[in-house]
Amino acid sequence: MSIKGIIKGTVFAYLITFAVIVILSVISYFCKVDNKIITVGVYSGVVFGVFLGAFAVSKHCEKSVLLHAMLVSIIYIFILAAISMLINHTLYFNKHFLTMVCGILSAGFLGAVIGK
């Protein structure tokens, strides 16, 4: 198992997500955009970032491709939950949380499948 590769994939996923969110915030600042569109954009950015992170890990991994990609997804979820707990002082288990977790896990799985 390549811990270094998994960490690189997770960092890459967060960088892609950060870039998408910055682009969305700039668009939101200069244009009048509905909140639903921004929400869908954030979800899409997270899924796209995790997909690319899992894809990158699976490309460089010799074996246990699915395990590596899913570890990227799980670490992403844990860091996202930790950030949410730091900001909100609690973790809300609602449909948005479930949607985010399902999207992240699905993106990790898809990244592993397409990567190999």
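Small disclaimer: the values here were computed from a predicted structure and weren't measured.

**Q** So what exactly am I meant to see when it comes to a nonpolar patch on the surface here?
**A** Side chains of Phe18, Val22, Val26, Tyr29 and Phe30 sit close together on the surface and give an oily, nonpolar patch of about 590 Å² of accessible area. For Phe30, a relative accessible area of 63% gives the class exposed.

**Q** Mind showing me how you'd approach the environment of Phe109 here?
**A** The residue Phe109 is located in helix 4 (residues 95-115) in this model. Owing to a relative accessible area of 43%, Phe109 belongs among the partly exposed residues under this scheme. Look past the residues within four positions of Phe109 in its chain and what remains in contact with it is Leu66 and Met70.

**Q** Just to check I follow, could you spell out the nonpolar core for this structure?
**A** As a rule of thumb, soluble globular proteins bury nonpolar side chains together. In terms of nonpolar packing, the biggest core is built from 12 residues, these being Ala13, Ile16, Val46, Val50, Phe51, Leu52, Tyr76, Ile77, Met100, Val101, Ile104 and Ala107. Within the residue set of this core, elements represented by two or more residues are helix 1 (3-30), helix 2 (35-60), helix 3 (65-88) and helix 4. With five residues, the next largest nonpolar core counts Cys61, Val65, Ala69 and Ala112 among its residues.

**Q** Would you take a moment to explain helix 4 for this structure?
**A** What sets the pattern is the α-helix's 3.6 residues per turn: residues three or four places apart point alike. The end-to-end C-alpha distance of helix 4 is 29 Å, a good match for the 30 Å that 21 residues give at a rise of 1.5 Å each. Every buried residue belonging to helix 4 is among Met100, Val101, Gly103, Ile104, Ala107, Gly108, Gly111, Ala112 and Gly115, and all of these are buried. The buried side chains of helix 4 occupy one side of the element, clustering within an arc of 165° when seen end-on. For helix 4, the exposed residues set more than 90 degrees away from the buried face come down to Lys95 and Leu98. Its buried side turned inward, helix 4 meets helix 2 and helix 3.

Analysis parameters
Just so you know, the residues in each chain are numbered from 1, in the order the chain's sequence is written. Whole-chain, interface and lining totals are the exception, using all residues; otherwise, since this is a predicted model, local features are given only for residues with pLDDT of at least 70 and side-chain atom pairs are given and counted only at 80 or more. Note: side-chain values were computed over all heavy atoms of the structure, leaving out hydrogens and water. A residue counts toward a patch only above 30% relative accessible area and without a salt bridge, and it is joined to like-charged neighbours within 9 Å or, for Val, Leu, Ile, Met, Phe, Trp and Tyr, to nonpolar neighbours within 5 Å. For the area figures, the Shrake-Rupley method with a 1.4 Å probe applies, and any residue is considered shielded solely by the protein chains shown. The salt bridge definition used is simple: a Lys or Arg side-chain nitrogen within 4 Å of an Asp or Glu carboxyl oxygen. Three exposure classes are used, based on accessible area relative to the maximum for each residue type with a 1.4 Å probe and protein chains only: buried under 20%, partly exposed in between, and exposed over 50%. Comment: elements are numbered from the N terminus, with helices defined as DSSP H or I runs of at least four residues and strands as E runs of at least two. In what follows, residue pairs with any heavy atoms lying within 4.5 Å of each other are defined as contacts. Put simply, a nonpolar core is a bunch of buried Ala, Val, Leu, Ile, Met, Phe, Trp, Tyr and Cys residues held in one set by side-chain atoms that sit within 4.5 Å of each other. By this rule the span expected of a helix is its residue count minus one, scaled by 1.5 Å. An arc is given here, and it is the one of the directions from the helix axis to the C-beta atoms.

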